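Coordinates in review
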Amino acid sequence: MSPDCCQAKASQLALLKQRQARVLWIALAINVVMFVVELLSGIKSNSLSLTGDSLDMLGDAIVYGSTIFVISKSEKLQAVSALLKGVIMLGSSLAVFSRVVYQFVAWQLPVVEVMGRIGLMALFANTLCLLLLSSHKDDNINMSSVWLCSRNDIIANISVLVAAILILIFRSPIPDLVVGSLLTLLFAKTAFTVLNNSWGMLSLKS
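Below is a short write-up of the structure. Since the model is a prediction, treat every value here as computed from it, not as a measurement. (Residues numbered from 1 in each chain as written. Predicted model: local features only at pLDDT ≥ 70, side-chain atom pairs only at ≥ 80, totals over all residues. Heavy atoms only, no water.)

Another aspect to go through is the overall build of the chain. From N to C terminus, the chain includes six helices and zero strands. Reading the secondary structure of the chain in the N-to-C direction produces α-α-α-α-α-α. Counting contacts in the chain only where the partners sit at least 6 residues apart, residues at least 24 apart contribute 82% of the total. Surface summary for the chain: the accessible area is close to 10,200 Å², and the carbon and sulfur share equals 73%. (Helix = DSSP H or I, 4+ residues; strand = E, 2+ residues; numbered from the N terminus. Contact = heavy atoms within 4.5 Å. Areas by Shrake-Rupley, 256 points an atom, 1.4 Å probe, with all protein chains shown as cover.)

In C-alpha cells:
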C-alpha cells in the first residue's frame, strides 16, 4: 500500500471524527436544554411522562458527552464508554419507575396543555437529533448506541402526546401512568442491548 494511500485514509478518518464530534455537540446542546425544559414542565404539570422523558434527556446528554470524549480514542475505550451509557440508560429507567410509584400514590391529574406543548417541542428536538445522527449510526459502536438513544426518544415523545390526548378525553391520570411504565420497559430493554453489545466488544478486546 502506498504512503499516499495511507495518508488519504488517515485524512478521511480524521475528517469523519470531526463530523461526528460536530453532530454530537449539537445533539448535546439540544438535550441539555430540553432536560431543563421538560423537568421543570413535568414538575409543574404533575406529568410523569414529561418528568421521565426529562431524565432520558439528561441521560442522553451524558451519553453524548462521553462519546465526544472517546471519539478519537481506542476501540476498547469506546466499548467502555458504551458500557457506561448502558448503565446510565438503565439508571434512567429505574428513576422513571420510582416516579411511576409516586404518581400512583399521589394520583394527580396532569396539565394536558403543558404536556402537549412541551411534548411537541421535545419531539421536534429529538427528530432533529435523529436526522443529524442517522448518517453516522453505522460508523462504530458508540455512534450506533447514541442513534438508538435518539430513536427511543422519539418513541417516548409520541407516547407523551398520545397520553395527553387520552387524558383530555377521559380526564384520568391513568394514561400518563401507563406511558411512564412503558417508557421504563423500553429504556431498560435498550440499556440491556447496549450493555450486551459493549460487553461483547470488551471481551473481544481483552
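Formed by 28 residues in total, the largest nonpolar core has its most connected members in Leu24, Met34, Tyr64, Leu133 and Val146. Going through the elements one at a time, helix 1 (3–45), helix 2 (48–70), helix 4 (112–134), helix 5 (141–170) and helix 6 (174–205) are the ones with two or more residues in this core. Counting residues in each nonpolar core, the second largest holds 14 residues, with Leu50, Ile118, Ala163 and Phe187 among its members. (Core = buried A, V, L, I, M, F, W, Y, C linked by side-chain atoms within 4.5 Å. Buried < 20%, exposed > 50% of the residue type's maximum accessible area, 1.4 Å probe, protein only.)

In this model helix 3 (residues 75–106) runs 46 Å from its N-terminal to its C-terminal C-alpha over 32 residues, within 8% of the 46 Å that 1.5 Å per residue would give. Tryptophan 107 sits one or two residues past helix 3 and shows a positive phi near 50 degrees. (Expected span 1.5 Å × (residues − 1).)

A separate point is the packing of aromatic side chains. The geometry of an aromatic ring pair is captured by the separation of the ring centres together with the interplanar angle, meaning the angle of the planes. Taken as a whole and judged by the stated rule, the model has one aromatic pair. Relative to tryptophan 107, the ring of phenylalanine 104 has its centre 6.4 Å away and its plane inclined at 35 degrees; by these criteria the two rings are tilted. Accessibility expressed as a relative area gives 45% for phenylalanine 104, which makes it partly exposed. (Phe/Tyr/Trp six-rings, centres within 6.5 Å; stacked < 30°, edge-to-face > 60°.)

Let us now look at the side chain of serine 41. Relative to the helices and strands, serine 41 is located in helix 1. Judged by its relative accessible area of 12%, serine 41 falls in the buried class. Polar side-chain contacts of serine 41 include one of 2.7 Å to the backbone oxygen of valine 37. With sequence-adjacent residues up to four places away left out, serine 41 is seen in contact with Leu50, Val114 and Ile118. (Polar contact = N/O pair within 3.5 Å; in protein donor to acceptor, adjacent residues only side chain to side chain.)

In this section: the environment of leucine 90. With respect to the helices and strands, the residue leucine 90 is situated in helix 3. Residue classification places leucine 90 among the partly exposed positions, given a relative accessible area of 24%. Along the primary structure leucine 90 and threonine 184 are separated by 94 residues, whereas in three dimensions their C-alpha atoms are 8.8 Å apart.

In this section: the side chain of asparagine 157. In this fold, asparagine 157 is placed in helix 5. Residue asparagine 157 is classed as buried on the basis of its relative accessible area, which comes to 1%.

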